[in-house]
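# Examining the three-dimensional arrangement
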Amino acid sequence: MPLHICFFGALRIEDGGGHEVKLPTRRAYLILAYLWLKRDRTHKRDYLASLFWPDQQDETRARNSLRQEIHTIKSILETYQPGGEPVIIASAESAQFNSNCDVWIDADQFENAITASKHERGQVAIDALEHALALYTGELLQGCYEDWAIDEQKRLRELRFKALKSLVLLHGHLKQYEKAIEYAREILDKQPHNEELLRQMLYLHYANDEQSEALKCYAQHAPDADDKLSTQPHHDTQELVE
């Protein structure tokens, strides 16, 4: 079985049997993550050295430190891939993540599941989206606040929210109202000013014969919409609770 590299939540690498494969430093994990994020290109070692050792004024020392880290990453990972494609392709001047290596990566699987759901309907689409959400165990590169990671963190976070919204619609369409409400509530917890979703939540509660829950939901979230928009909640929202 291939190596598993998990970039969601805490950075983690596992062998085919589920045992953790440890890299010696957090910087080693981040170098691996950076090369994966930017896998569409090769990276000059001089640039990588300046990126990961910004306070090291001696460029030679920075390059030596990078060389040691890349050598260590390759040596450890290749121990678990005898005869296979290396995870990192490295030369004297550059390094690149090998897109052809046989490695399972949670973030790639997450996007694959999202893409697969778009070609399906009903329960099959739901299963694909719920599989994707199960893979998203936390923020991409959790605890990493480097500029090079921020855009991808935001993109995948938004992709997750779109998946949640799709699940609300799909479960609602199949009259699986409790599941639809569960996902809608998760979005509202993060986006309490989303009045369109609030209306959808109220419809779901009414469809599920939960009038009292609908009123509680309105009382909890409508004031937030009022504060955010500096207006009364939309008349469509008000009509649902009158």
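Residues numbered from 1 in each chain as written. Predicted model: local features only at pLDDT ≥ 70, side-chain atom pairs only at ≥ 80, totals over all residues. Heavy atoms only, no water.

## Points about the overall build of the protein
The helix and strand tally for the protein stands at ten helices and six strands. Computed over its C-alpha atoms, the radius of gyration of the protein comes to 23 Å, more than 25% above the 18 Å expected for a compact globule of 242 residues. With respect to the three principal axes, the spread of C-alpha positions in the protein is 70 × 40 × 25 Å. In the protein, which comprises 242 residues, the share counted as buried stands at 43%. (Helix = DSSP H or I, 4+ residues; strand = E, 2+ residues; numbered from the N terminus. Rg over C-alpha atoms; globule rule 2.2 N^0.38 Å. Buried < 20%, exposed > 50% of the residue type's maximum accessible area, 1.4 Å probe, protein only.)

## A word on the sheet that holds strand 3 (residues 43–44)
Strands sit in the order 3-5-4 across an open sheet of three strands; the sheet is antiparallel. A single partner strand is all that each edge strand has here, and the edge strands are strand 3 and strand 4 (88–90). For strand 4 and strand 5 (residues 94–97), the ladder comprises three bridges, and the chain directions are antiparallel. The partner of Ile89 across the bridge, within strand 5, is Gln96. Here helix 1 (residues 26–37) sits on the sheet and contacts strand 3, strand 4 and strand 5; the angle it forms with strand 5, its principal contact strand, is near 75°. (Pairing = 2+ DSSP bridges. Contact = heavy atoms within 4.5 Å. Axes fitted to C-alpha atoms, helices over the stretch in contact; angles between N-to-C directions.)

## Structural notes on the environment of Ala207
Looking at where Ala207 falls in the secondary structure, it is placed in helix 8 (residues 195–207). Accessibility expressed as a relative area gives 43% for Ala207, which makes it partly exposed. Expressed as a C-alpha distance, the spacing of Ala207 and Leu129, which sit 78 residues apart in the sequence, is 23 Å.

## Quick word on the packing of aromatic side chains
All told, the structure shown has seven aromatic pairs when counted by the stated rule. Arranged with centres 4.5 Å apart and planes meeting at 20°, the rings of Phe7 and Trp36 form a pair that is stacked. Of this pair, Phe7 sits in the loop between strand 1 (3–6) and strand 2 (12–14) while Trp36 sits in helix 1, placing them 29 residues apart in sequence. For Phe7, a relative accessible area of 1% corresponds to the buried category. (Phe/Tyr/Trp six-rings, centres within 6.5 Å; stacked < 30°, edge-to-face > 60°.)

## Things to note about the nonpolar core
Phe7, Ile13, Leu32, Phe110, Leu140, Leu141 and Trp148 are the most contacted members of the largest nonpolar core, which has 72 residues in total. Ranked by residues supplied to this core, first place goes to helix 1 with ten residues. Residue contacts for Ile13: discarding those within four places in its chain leaves Leu3, His4, Ile5, His19, Glu20, Val21, Leu23, Tyr29, Leu32 and Leu77. (Core = buried A, V, L, I, M, F, W, Y, C linked by side-chain atoms within 4.5 Å.)

## What to know about the sheet that holds strand 1
With mixed pairing, the three strands of this open sheet are ordered in space as 2-1-6. For this open sheet the edge positions go to strand 2 and strand 6 (103–105), each flanked by a neighbour on one side alone. Pairs of neighbouring strands in the sheet enclose a mean axial angle of 20°, with direction left out of account.

## Digging into the packing of helix 1 against helix 6 (residues 147–173)
For the pair helix 1 and helix 6, interaxial distance at closest approach is 11 Å and the crossing angle is 60°. The angle between helix 1 and helix 6 falls in the class oblique. The handedness of the crossing between helix 1 and helix 6 is left-handed. The segment helix 1 lies against helix 6, with Leu30, Ala33, Tyr34 and Leu37 engaging Trp148, Ala149 and Glu152. Taken together, the residues that form the contact of helix 1 with helix 6 break down as six nonpolar, no polar and one charged. (Parallel < 35°, antiparallel > 145°, perpendicular 65-115°, else oblique. Left-handed = near helix turned anticlockwise from the far one by under 90°. Nonpolar A, V, L, I, M, F, W, Y, C, P; charged D, E, K, R; others polar.)

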